[in-house]
Amino acid sequence: MKGKIIILSAPSGTGKSTIIQRIIEHPELRLGFSVSATSRAPRGEEQDGREYYFLSPEEFRRRVDADEFVEWEEVYPGCCYGTLKREVERVTSAGRNLIMDIDVKGGVNVKRCFGENALGIFILPPSIEELERRLRGRGTDSDETIARRLGKAEYELSFAERYDKRVVNDDIERASEEVAAIIKSFISENADGNEA
Ligand code: ADP
Ligand code: 5GP
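The structure reproduced in this document is the subject of the present report. (Residues numbered from 1 in each chain as written. Chains lettered and ligands numbered in written order. Predicted model: local features only at pLDDT ≥ 70, side-chain atom pairs only at ≥ 80, totals over all residues. Heavy atoms only, no water.)

## Some points on the layout of surface pockets
- If you add up the space inside the largest pocket, you get close to 1000 Å³.
- Lining the largest pocket are 38 residues, and of these Ser 17, Arg 43, Tyr 52, Asp 101 and Arg 138 lie nearest its centre.
- Listed by contribution, the elements that provide at least two residues to the lining of the largest pocket are α1 (16–23), β5 (69–76), β6 (79–84), α5 (128–138) and α6 (143–157).
- Top contributing element to the lining of the largest pocket by residue count: α1, with five residues.
- Its residues placed into classes, the lining of the largest pocket shows ten nonpolar, 13 polar and 15 charged. (1 Å grid on protein atoms, 1.4 Å probe; cavity = no way out; pocket = protein on both sides within 12 Å on 5 of 7 lines; lining within 4 Å. Points joined across faces, edges and corners; volume = space filled by probe spheres on them. Helix = DSSP H or I, 4+ residues; strand = E, 2+ residues; numbered from the N terminus. Nonpolar A, V, L, I, M, F, W, Y, C, P; charged D, E, K, R; others polar.)

## Concerning α1
- Among the residues making up α1, those that are buried are Lys 16, Ile 19, Ile 20 and Ile 23. Buried residues along α1 cover an arc of 100° about the axis, so they all sit on one side. (Buried < 20%, exposed > 50% of the residue type's maximum accessible area, 1.4 Å probe, protein only. Arc of directions from axis to C-beta.)

## Describing helix α2 (residues 57–65)
- All of the buried residues in α2 are Phe 60, Arg 63 and Val 64. Summarising the axial view, the buried residues of α2 lie within an arc of 105°, below the 170-degree limit, and thus occupy one face. Summarising the geometry of α2, the exposed residues directed more than 90 degrees from the buried face are Glu 58 and Asp 65.
- Residues of α2 that are buried in the fold lie against β3 (36–38), β5, β6 and α3 (85–92). (Contact = heavy atoms within 4.5 Å.)

## Let's talk about the state of the cysteines
- This model, assessed by the stated rule, comprises zero disulfides.
- Cys 80 supplies the cysteine sulfur nearest to Cys 79, a cysteine that is in no disulfide, at a spacing of 7.7 Å.
- On the basis of relative accessible area, Cys 80 is assigned to the buried category, the value being 13%. (Disulfide = S-S within 2.5 Å.)

## Some thoughts on the sheet that holds β3
- Here four strands make up an open sheet; going across it, the order is β4-β3-β6-β5 and the pairing mixed. The open sheet has two edge strands with one neighbour each: β4 (52–54) and β5. Across the sheet, the mean angle separating the axes of adjacent strands is 25° when strand polarity is ignored.
- Running at roughly 140° to β5, α2 makes contact with β3, β5 and β6 of the sheet.
- Set on the sheet, α6 makes contact with β5 and β6; between it and β5 the angle comes to about 120°. (Pairing = 2+ DSSP bridges. Axes fitted to C-alpha atoms, helices over the stretch in contact; angles between N-to-C directions.)

## Some points on the nonpolar core
- Within the largest apolar cluster, 20 residues are counted, with the highest numbers of intra-cluster contacts made by Ile 6, Leu 8, Ile 23, Ile 121, Val 179 and Ile 183.
- Elements supplying a minimum of two residues to this core: β1 (5–9), α1, β8 (118–124) and α7 (172–187).
- Considering every element that reaches this core, the biggest residue donor is α7, with seven residues.
- Not counting chain neighbours up to four residues away, the residues in contact with Val 179 comprise Leu 8, Ile 19, Ile 23, Ile 121, Ile 123 and Val 167. (Core = buried A, V, L, I, M, F, W, Y, C linked by side-chain atoms within 4.5 Å.)

## As for the sheet that holds strand β7 (residues 97–101)
- Spatial strand order, β2-β7-β1-β8-β9: five strands in an open sheet with parallel pairing. Strands with a single pairing partner mark the edges of an open sheet, and in this sheet they are β2 (31–33) and β9 (165–168). Strand-to-strand twist of the sheet, defined as the mean angle between neighbouring strand axes without regard to direction, takes the value 25°.
- Bridge analysis of β1 against β8 gives five bridges, and the strand direction is parallel. Within β8, the position partnered with Leu 8 by the bridge is Ile 121.
- Here helix α4 (residues 104–114) sits on the sheet in contact with β1, β7 and β8, set at roughly 160° to β1.
- Contacts between α7 and the sheet are confined to β1, β2, β7, β8 and β9, with β9 contributing the most and set at about 160° to the helix.

## Here we look at the side chain of Thr 14
- Inspection of the secondary structure assignment puts Thr 14 in the loop between β1 and α1.
- You can call Thr 14 buried: its relative accessible area is 0%.

Structural data, given as structure tokens:
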């Protein structure tokens with residue numbers, strides 16, 4: 001495989017999408033975003049093929065049965081998300097490093113699948129109180145959805161130690177730079193783990 005795999009995980013609302021938006025155009029990193037498929041409905045300004053491939057639950061299931069996913073998870077009850085094999089191929093065959101925003105179980109599976117060719121970065125919120133403020137401030141989720149996402153945060157945080165690197169998103173500018181520096185160092189490593 002030409003490109004490397006960068007996995008970003010964190011409880012919902014921590015700031016993964018914001019960090020990815022800020023570093024995706026960084027010329028030295030040569031990143032390509034892995035557009036996941038989901039069975040949930042679009043939120044806010046989201047567009048099919050940009051944030052996600054929005055599939056009906058039936059279509060999602062059909063693709064699971066056809067073995068089209070590298071991995072998939074029912075991240076929230078009734079809402080499935082997954083990385084299509086075709087998507088990994090699309091980005092890496094163009095010589096880009098694939099950056100994926102996926103949940104903790106998916107992240108651990110992808111790391112297992114791609115080994116040394118993948119780097120897992122876990123983004124931590126400064127506190128649970130701040131996480132709740134961010135989820136509310138985003139203004140895209142109902143109270144029920146926010147409660148469900150907060151309820152899952154503690155479980156998700158317990159996966160942090162299984163990732164290669166951890167970054168606290170206290171200040172968005174600082175955290176984005178730290179993530180970019182970690183990726184830069186990883187993509188310039190040789191297969192033996194030394195800097196090229
Ligand atoms: P995720 O992708 O992890 O679910 P988002 O990137 O959508 O999270 O961020 C959730 C909300 O928090 C957004 O409104 C975003 O603007 C805000 N946000 C992200 N990082 C910070 C930060 N360091 N300080 C304050 N607000 C932030
Ligand atoms: P949201 O609904 O806020 O966009 O995303 C919800 C969760 O699904 C996030 O934790 C996100 O990382 C995760 N997610 C998005 N795409 C994938 C994917 O392809 N696979 C897995 N396992 N999780 C994903």
